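Listed here are the chains, written in short residue letters.
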Amino acid sequence: MTTTMTLRAMSDALAANKVSSQELTQEHLQRLHADNLNCFITVADERAMEQARAADEMRQQGNAQALTGIPIAHKDIFCTDGLTTTCGSRMLANFTAPYNAHVVDLLDHAGVVTLGKTNMDEFAMGSSNENSHFGAVGNPWDAQRVPGGSSGGSAAAVAAGLVACATGTDTGGSIRQPAALCGITGLKPTYGRISRYGMIAFASSLDQAGPMTADAEDAALMLSAMAGFDSKDSTSAQRDDNWLRQIAEHGIADLDRPLTIGLPKEYYQDLAHGEAIEAVQRTLAEQGHKLVEVSLPHTHAAIPTYYVIAGAEASTNLSRYDGVRFGHRCEEPDSLDDLYRRSRSEGFGAEVKRRILTGTYTLSVGYFDAYYIKAQRIRRLISNDFNSAFADVDVLLTPTSPTPAFKKGQLSEDPVAMYQQDLYTVPTSLAGLPALSMPCGFVDGLPVGAQLIAPAFREDLLLGVAAQYQQHTDWHLQRPRGQRVSTEWLA
Amino acid sequence: MSDAKTSINIDHLANLARLNFEPEAAEHARQDLEKIIAMIDAMQAVDTDGIAPLSHPLDSSQRLRKDVATEVEQRDKFQANAPSTAEGYYLVPRVVD
């Protein structure tokens with residue numbers, strides 16, 4: 001097996017006994033060890049082979065599910081029992097998670113093999129993966145460029161053909177933007193769709209896990225395995241969506257009618273890749289969908305609002321890192337206060353400290369109403385914008401990011417310029433809505449993405465539109481150096 | 001907040017956040033924060049009169065559970081990650097003389 005394949009191709013091959021999980025896993029581990037893009041922080045050889053053996057047994061006993069025996073990778077933000085979980089930080093460089101994230105538990109029980117943990121911006125704070133304590137990640141299309149962030153290692157690993165799927169998390173665009181910059185499909189589900197238990201917290205009212213895959217069909221398969229109510233997450237949604245059950249068995253259903261697709265005019269200004277997104281519009285129109293212009297008038301306020309809310313929640317969440325119970329501790333502290341200060345100052349990187357300071361500032365006495373409460377009021381206006389738009393349209397189509405992959409170092413000295421990368425992804429996060437990024441072309445040899453946004457808990461619409469689009473295009477199958485993803489098993 | 005630039009006291013903020021900065025790094029952090037606050041201040045132009053704050057993105061409230069212990073005791077496993085422990089306790093520098 002030298003070709004990159006979809007999850008479904010591997011799933012079918014495993015079901016037909018054309019290959020064993022141990023063979024698949026061995027081959028994947030070899031690829032991971034040859035990776036020169038720094039996609040992985042930890043490769044879990046022994047554990048992976050053990051899981052593969054167990055998966056092969058499950059299959060022999062007739063207990064296999066669609067994902068049983070398939071090797072994937074987890075973003076290093078998900079706690080994995082007995083395996084190092086760093087969150088891209090020196091603070092947690094030696095942290096062995098004592099329990100599994102709910103997502104990890106679900107996938108483990110389905111018989112999925114965990115190959116390792118992918119690189120990421122420290123505590124998921126960044127849009128370029130340059131903020132990792134374990135070094136930057138190269139974009140497979142041009143190693144001098146960033147893969148996006150914060151799930152940069154996951155996106156690069158899928159695009160480089162190291163894995164068919166990696167998990168990611170998205171607080172303000174951390175699944176969608178790297179998916180766009182690496183030319184893969186990334187799904188951020190509705191807030192509450194997937195449990196946050198054991199997913200190291202950045203901004204709790206925004207964080208959401210999701211799959212990063214070659215195409216929408218694989219994303220759907222992963223979603224059906226990752227989603228579900230979890231009593232251990234107090235914001236976990238109790239849903240009973242029939243389509244989610246159907247997807248696991250039958251794949252994505254055809255759309256039952258042509259949709260009305262909104263084009264928010266605020267997202268189409270000064271685009272570097274206008275032609276690619278216009279081509280998506282033409283394809284969708286040819287497929288019978290109706291495209292209409294809509295307005296989301298508070299879009300311009302989304303970045304400031306997001307950075308207030310995310311900073312405030314981050315500064316609160318990261319107060320737990322005190323050098324006492326787990327995480328980095330400084331040498332020879334001379335007092336408890338010295339222990340706190342030096343452990344935190346040594347353990348956190350520059351961007352994390354910026355976010356903590358921003359949150360500390362906006363939550364300070366005298367500023368709380370002017371910043372935090374103000375941001376929460378604008379958050380409602382942004383959410384209302386989407387609600388009004390969805391009264392007239394089924395889904396929205398926008399670019400995923402303002403630019404294709406930029407060069408390493410290009411934006412890293414200017415945090416505010418870096419924050420603008422999140423322009424088209426943060427409004428959806430603030431409103432808790434599901435969104436999907438799919439590859440839609442190239443600009444100067446670099447992939448760009450189109451973003452679909454749906455009302456809450458309507459991931460079926462995103463997946464339906466994306467699957468239909470991907471039946472008529474092959475951007476999602478293209479890989480660097482002329483390689484292609486195969487949707488069929490090629491031994 | 002038009003007074004944001006003059007009101008950033010990086011030493012005070014660093015103290016609240018329990019972070020240390022060397023003088024040069026403190027100045028760098030102050031300049032970055034100034035830029036971030038200036039960017040954030042664009043919010044102030046948005047009319048939010050009569051708009052209620054939204055804390056949960058889907059405007060739902062948090063589920064409550066019964067006040068019963070569900071965790072099992074795993075002290076040794078959890079303390080395996082601790083930098084310093086003795087007899088089941090976490091050790092820190094002496095607080096009271």
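For the structure itself, look to the data block above.
Because the structure is predicted, anything quoted here is derived from the model rather than measured.

Chemist: Looking at this model, I keep getting lost on the overall build of chain A. Mind explaining?
Modeler: What chain A contains, in helices and strands, is 16 helices and 13 strands. Relative to a compact globule of 491 residues, whose C-alpha radius of gyration would be 23 Å, chain A shows 21 Å and is just as compact. In terms of overall dimensions, chain A has C-alpha extents of about 65 × 55 × 45 Å along its principal axes. Across the 491 residues of chain A, 63% fall into the buried class. Long-range contacts, defined here as pairs at least 24 residues apart, represent 76% of the contacts in chain A between residues at least 6 apart.

Chemist: Is there a simple way to explain the environment of A:Gln420 in this structure?
Modeler: Residues and elements named next belong to chain A. Within the secondary structure, Gln 420 sits in the loop between α14 (415-419) and α15 (426-431). The partly exposed category is assigned to Gln 420, around which 15 C-beta atoms lie within 10 Å. For the pair Gln 420 and Arg 47, spaced 373 residues apart in sequence, the C-alpha separation works out to 40 Å. If we ignore the near neighbours within four places in the chain, the residues touching Gln 420 are Ile 303 and Pro 402.

Chemist: Just checking my understanding: could you explain the interface of chain A and chain B for this structure?
Modeler: Frequently, the measure chosen for interface size is the accessible area that the parts lose on association. Between chain A and chain B, the residue contacts involve 56 residues of the former and 41 residues of the latter. Looking at the side of chain A that touches chain B, the elements that each hand over two or more residues are α10 (302-317), α11 (336-347), α12 (350-362), α13 (368-389), α14 and α15 of chain A. Sorting elements by how many residues they give to the side of chain A that touches chain B places α13(A) first, with 12 residues.

Chemist: Explain the pairing of strand β10 (residues 395-399) of chain A here, please?
Modeler: The two faces of the sheet receive side chains in turn, since in a regular strand these alternate between them. Residues and elements named next belong to chain A. Of all five residues that make up β10, five are buried, and the element is covered over most of its length. Of the two faces of β10, the one carrying Val 395, Leu 397 and Pro 399 and the one carrying Leu 396 and Thr 398 are both buried. Relative to strand β12 (residues 446-453), β10 is paired through four bridges, and the arrangement is antiparallel. Considered in β12, the bridge of Leu 397 is made with Leu 452.

Chemist: How should I be thinking about the packing of α10(A) against helix α3 (residues 23-40) of chain B in this particular structure?
Modeler: Relative placement of two packed helices is described by the angle separating their axes and the distance separating the axes. For the pair α10(A) and α3(B), the least separation of the axes is 8 Å and the interaxial angle reads 125°. Judged by the angle between their axes, α10(A) and α3(B) are oblique. Contacts between α10(A) and α3(B) involve A:Pro304, A:Tyr307 and A:Val308 on the former and, on the latter, B:Ile36, B:Met39 and B:Ile40. Split into classes, the residues belonging to the contact of α10(A) with α3(B) amount to six nonpolar, no polar and no charged.

Chemist: Would you explain α13(A) in this entry?
Modeler: The periodicity of an α-helix, 3.6 residues per turn, causes residues three or four positions apart to be oriented the same way. The terminal C-alpha atoms of α13(A) lie 31 Å apart, and with 22 residues this matches the ideal 32 Å at 1.5 Å per residue to within 8%. The principal kink in α13(A), of about 30°, is found at A:Lys374.

Chemist: Teacher, can you tell me more about the packing of helix α7 (residues 216-226) of chain A against helix α8 (residues 242-250) of chain A here?
Modeler: Residues and elements named next belong to chain A. The N-to-C vectors of α7 and α8 enclose an angle of 120°; their axes lie 9 Å apart at closest approach. Taken as axis vectors, α7 and α8 run oblique relative to one another. Pair α7 / α8 crosses with left-handed handedness. Across from Ala 220, Leu 221 and Ser 224 in α7, the residues of α8 making contact are Leu 244, Ile 247 and Ala 248. Among the residues making up the contact of α7 with α8, the classes are represented as five nonpolar, one polar and no charged.

Definitions and limits used
- Residues numbered from 1 in each chain as written.
- Chains lettered and ligands numbered in written order.
- Predicted model: local features only at pLDDT ≥ 70, side-chain atom pairs only at ≥ 80, totals over all residues.
- Helix = DSSP H or I, 4+ residues; strand = E, 2+ residues; numbered from the N terminus.
- Rg over C-alpha atoms; globule rule 2.2 N^0.38 Å.
- Buried ≥ 20, exposed ≤ 12 C-beta atoms within 10 Å, placed from the backbone.
- Contact = placed C-beta atoms within 7 Å.
- Pairing = 2+ DSSP bridges.
- Axes fitted to C-alpha atoms, helices over the stretch in contact; angles between N-to-C directions.
- Parallel < 35°, antiparallel > 145°, perpendicular 65-115°, else oblique.
- Nonpolar A, V, L, I, M, F, W, Y, C, P; charged D, E, K, R; others polar.
- Expected span 1.5 Å × (residues − 1).
- Bend = angle between axes of the 7 residues up to and from the residue.
- Left-handed = near helix turned anticlockwise from the far one by under 90°.

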